[in-house]
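Now for the letters of each chain:
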Amino acid sequence: MNYRDALEIARRNPGFSVTRGDDDGFIVRRPDGSLFSEQPSAIDETEQLRHEIEMVRKHHDEALALWDEERRRSDSVLAGREAEIRKLQMELHKEHQGNLEAARHIEQLQAKIAKVSQAEWEKIKADEEQERKVYAKAMKEERNVVKCACLGEVENCARCDGRGSYTTDGYGNPVYA
Ligand SMILES: [Zn+2]
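In short, a report on the structure. Since we're looking at a predicted model, the values are computed, not measured.

Moving on to the overall build of the protein chain. Looking only at helices and strands, the protein chain features two helices and five strands. When the backbone C-alpha atoms are referred to their principal axes, the protein chain occupies close to 185 × 25 × 20 Å. By element, 55% of the accessible surface of the protein chain is carried by carbon and sulfur atoms, the whole surface being about 15100 Å². Across the protein chain, the centroid of the 29 positively charged side chains sits 9 Å from that of the 36 negatively charged ones.

Shown next, in the form of structure tokens:
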């Protein structure tokens, strides 16, 4: 066999050694000195093992790749969820700010209404007071001549002083000029 093949066999079988053969090729000897035959059956076992190891490694690599892909997928899903949550939080915050603003606005309006009502109430009171004053003035200025109950027969009558009639204001109070 050629040097490369012989070396490969020796490498895979600790204790095996490579020497030059008679026919210009190379041979492999077992630790006990016996010649290692290159017959397929002899290396089958090693090859089989190597193949099995290869398969196991391949499965392992595939599983790892799958797992990695799954992890990346769930990471991206998670990132998406987080972005969604952040968006919702921002919307909530905005809505909350909006509510605060609305509440402030309502408060301002209520204050304005209260002020207007107060002003109007003051005006109503002032108008009533004015009306009352005008009415009182008119009543005080009103003059009615009333016939006295004494019919002028009581000489020193407190009301008519014996004149039989006296003057009153609108309230009926006697007025003495
Ligand atoms: Zn009288």
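Next, the rest of the story.
Our next topic: the pattern of salt bridges. Scanning all chains against the criterion turns up 10 salt bridges. Between E8 and R12 there is a salt bridge; the shortest N-O distance is 3.2 Å. Of this pair, E8 and R12 both sit in helix α1 (residues 3–12), separated by four residues, roughly a single helical turn. Its salt-bridge partner being R73, residue E70 comes within 3.0 Å of it at the nearest N-O pair. Of this pair, E70 and R73 both sit in helix α2 (residues 40–141), three residues apart, roughly one helical turn. Take R73: its relative accessible area is 48%, and that puts it in the partly exposed class.

This part is about the coordination of the zinc ion. Coordination of the zinc ion by the protein comes from C148 (SG), C150 (SG), C157 (SG) and C160 (SG), over a distance range of 2.1 to 2.4 Å. In this structure, the zinc ion is surrounded by four donor atoms whose angles at the metal cover 98 to 117 degrees, and the resulting shape is tetrahedral. When the donor residues of the zinc ion are listed from N- to C-terminus, their spacing reads C-x1-C-x6-C-x2-C. The residues C148 and C150 share a single accessibility class, namely buried.

Moving on, we get to the pairing of strand β2 (residues 26–29). Pairing of strand β1 (residues 17–20) with β2 involves four bridges; the strand directions are antiparallel. Bridge pairing in β2 links T19 to I27. Following β1, the chain reverses through five residues before pairing antiparallel with β2; D24 in that reversal takes a positive phi of roughly 70 degrees. With two bridges joining them, β2 and strand β3 (residues 35–36) adopt antiparallel strand pairing. Counterpart to V28 in the pairing with β3 is F36. Between β2 and β3, which pair antiparallel in sequence order, lie five residues; one of them, G33, sits at a positive phi of approximately 95 degrees.

Criteria and thresholds
Residues numbered from 1 in each chain as written. Predicted model: local features only at pLDDT ≥ 70, side-chain atom pairs only at ≥ 80, totals over all residues. Heavy atoms only, no water. Helix = DSSP H or I, 4+ residues; strand = E, 2+ residues; numbered from the N terminus. Areas by Shrake-Rupley, 256 points an atom, 1.4 Å probe, with all protein chains shown as cover. Lys, Arg positive; Asp, Glu negative; His and termini not counted. Charge placed at Lys NZ, Arg CZ, Asp CG, Glu CD. Salt bridge = Lys/Arg side-chain N within 4 Å of Asp/Glu carboxyl O. Buried < 20%, exposed > 50% of the residue type's maximum accessible area, 1.4 Å probe, protein only. Donors = N, O, S within 2.8 Å, 3.2 Å for Na, K, Ca; no water. Tetrahedral: all angles 85-135°; square planar, octahedral: opposite > 155°, others 65-115°. Pairing = 2+ DSSP bridges.

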